[in-house]
Each structure stands twice: as structure tokens, then as C-alpha cells.
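Structural overview for review
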Amino acid sequence: AFSKNRFLGKGLEILNFNNKYEIISKKNIETLGDYNFPTSSINNGSFLYNSFFYLQNNVYKFGLNKISLDGQTQWTRSFETQSKYIYPWDINYSLSHHILTSYSIAYEGIFGTFARVLKVDTMGIEVWKSDTLMNVESGGAAVWMTELSDSNIFLTYKVNKFFDPEFFDLHPYPPTFIWLDKNGKKIKEHVIRMDRKHDIYISEIEAGKGDYFFVYGQVSSRVDQTNNLHGFITKYSNNGDIIWTHTYRHPSFNKEDY
């Protein structure tokens, strides 16, 4: 478990549990700054790679940490040291044995929130940063990412179309799908156009074992002032064609209570 210990001023911790959920060991991760917070973590079978952000002198910084499975820190590095806001969302171990991290970022003196992907090697050295992707709804809009079987990178976030006249009668914050090539250059983009009474919340994306990927989340439609909610899973081909989609809801779901 990669967690925040609020009893420590800068307490990021890795906890190792047995199958009875008893703590076997606990290790601290040290960072700079006045405040920090953990976001995502992956295990490639040999090491844990952990992302976090921290605040130092009123500047947000994005950090990555590599730690062995016995709790020994290999390195801790920081990136994007000039942002006024940053939040790492997703972390992947790539087909080329690098680390990919997606994050949202805002820059001093520039309006809006942006999305980027960072690729580093296993020593924490930057390989590339992606193109800066515009119009993220807000700093709290998740930027989910996965690497596809063809080495392209797929990511999604809610885009801000509030001032776009084409979306005057449509939902102003729809999800957008973006494909990057293996060097972080944007290939294409698809914005989901939907009625204002509908909404889609994407909670995770995941590459499949072939030339396809999955998108998970929640769909809602507003009928008679009530939100009708369903979970969904959609399977896409790597180029974005829908293979199948299903919605789900527990049989005892009661929209008045839950």
C-alpha cells in the first residue's frame, strides 16, 4: 500500500501486508517541500514506482519514487518544477520497460489546465514529455492513460467546451479521447458529443491482451429530475472503434437511497 501518514508532516509510506491484512513492514519515503500527497503506484514484479506531488515555496512539483519490494528506496526525483498546480493521475510500466505517468498541470500566467504524459527510464531520467494537451475541464479532472499493444498511448479526460458555440446545446464538459504516438506526439482526438441531460464519468482505462482496450466508468441520464445511473464497460479496438459495450447495475439498486 502506498499511503499518506497525516501524523507525519511529510509522511509518505509503503506498507507491506500479509494475507490477514497485518502489517509486516512499513517504510517512509522522504521528499522535499512543505507538504506532499501520494497519487498512483505500480509494481513490475521487482520494484514499486510511486507518483506524488509536493508543495515547496508555493510551487507544486511532481515526484516519482522507485523502491524495492523490501522497502529500500532506489531514487526519488522531481519534474515540472515551474507549475502553479500539478496532479499526477496514472502510472504505467511500458512495453519498452519505461515508466509512463499522466498528469494535469497549470502554469503561472497561462489560463487553463493542461494534460501531459511523462516517460522516464528505470533510473528516473526523462526520456520525453508529451505535447501539451489543452482544455482540461479543471485541475480535478482525471487524466487516465494506458499504452496500447501497438505502442501508441491512449488517454482521456473531460474537456472544457463551455465557451465553444458548437456545444451550446450539448454537454459542456464531455470526455475526449486522445491518441499519442510512442514519442508522445498527438495523433488524433475524438470528443464525445452528448446531450446536456447525459453524462459519462470514466474511472479507469486498461489495455487488453490483444489489439484492444477497455474503458470503465458510469453513465447517467437525467429523467424527470432524477439521475438514472449505470456502470459501464466498453471494449474498443486500438483505433477507437467500439467492439462492444455493456451497462450494469446491481439488481437491488435503489436510486432513492444509493
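Residues numbered from 1 in each chain as written. Predicted model: local features only at pLDDT ≥ 70, side-chain atom pairs only at ≥ 80, totals over all residues. Heavy atoms only, no water.

1. Overview of the overall build of the protein
The number of helices and strands found in the protein is zero helices and 19 strands. Expected size for 258 residues packed as a compact globule is a radius of gyration near 18 Å; at 20 Å, the protein falls within 12% of this value. Seen along its three principal axes, the alpha-carbon backbone of the protein occupies a region of about 55 × 45 × 40 Å. Counting every position in the protein, which comprises 258 residues, the buried fraction comes to 45%. Working note: accessible area of the protein is about 14,100 Å², and carbon and sulfur atoms make up 50% of it. Counting 27 positive and 28 negative side-chain charges, the protein places the averaged centre of each group 3 Å from the other. (Helix = DSSP H or I, 4+ residues; strand = E, 2+ residues; numbered from the N terminus. Rg over C-alpha atoms; globule rule 2.2 N^0.38 Å. Buried < 20%, exposed > 50% of the residue type's maximum accessible area, 1.4 Å probe, protein only. Areas by Shrake-Rupley, 256 points an atom, 1.4 Å probe, with all protein chains shown as cover. Lys, Arg positive; Asp, Glu negative; His and termini not counted. Charge placed at Lys NZ, Arg CZ, Asp CG, Glu CD.)

2. Overview of the nonpolar core
Side chains of nonpolar character tend, in soluble globular proteins, to be buried together. If you look at the biggest cluster of nonpolar residues, it comprises 51 residues, and the most contacted ones within it are Leu-64, Phe-154, Leu-155, Tyr-157, Ile-202 and Val-215. Sorting elements by how many residues they give to this core places strand β7 (residues 73-93) first, with six residues. Residues in contact with Ile-202, not counting those within four places in the same chain, are Trp-144, Thr-156, Pro-175, Phe-177, Val-215, Tyr-216, Gly-217 and Phe-232. Membership of the second largest hydrophobic core comes to eight residues, among which are Leu-12, Ile-14, Ile-29 and Ile-67. (Core = buried A, V, L, I, M, F, W, Y, C linked by side-chain atoms within 4.5 Å. Contact = heavy atoms within 4.5 Å.)

3. Points about the sheet that holds strand β2 (residues 11-17)
Spatial strand order, β1-β2-β3: three strands in an open sheet with antiparallel pairing. The strands lining the two open edges of the sheet, one partner per strand, are β1 (2-5) and β3 (23-29). For this sheet the average axis-to-axis angle between neighbouring strands, irrespective of direction, equals 35 degrees. Strand direction decides the pairing type here: β1 and β2, joined by four bridges, are antiparallel. Within the sheet, the bridge partner assigned to Phe-2 lies in β2 and is Ile-14. (Pairing = 2+ DSSP bridges. Axes fitted to C-alpha atoms, helices over the stretch in contact; angles between N-to-C directions.)

4. Section: the packing of aromatic side chains
If you walk through the whole model with that rule in mind, you get 23 aromatic pairs. By the ring-pair criterion, three or more aromatic residues cluster together here, those being Tyr-35, Phe-37, Phe-53, Tyr-60, Tyr-85, Tyr-87, Trp-89 and Trp-144. Here the guanidinium or amino end of Lys-66 rests over the ring plane of Phe-47, the centre of that ring lying 4.2 Å away. The ring of Tyr-212 carries the charged tip of Lys-235 above its face, separated from the ring centre by 4.1 Å. (Phe/Tyr/Trp six-rings, centres within 6.5 Å; stacked < 30°, edge-to-face > 60°. Lys NZ or Arg CZ within 6 Å of the ring centre and 35° of its normal.)

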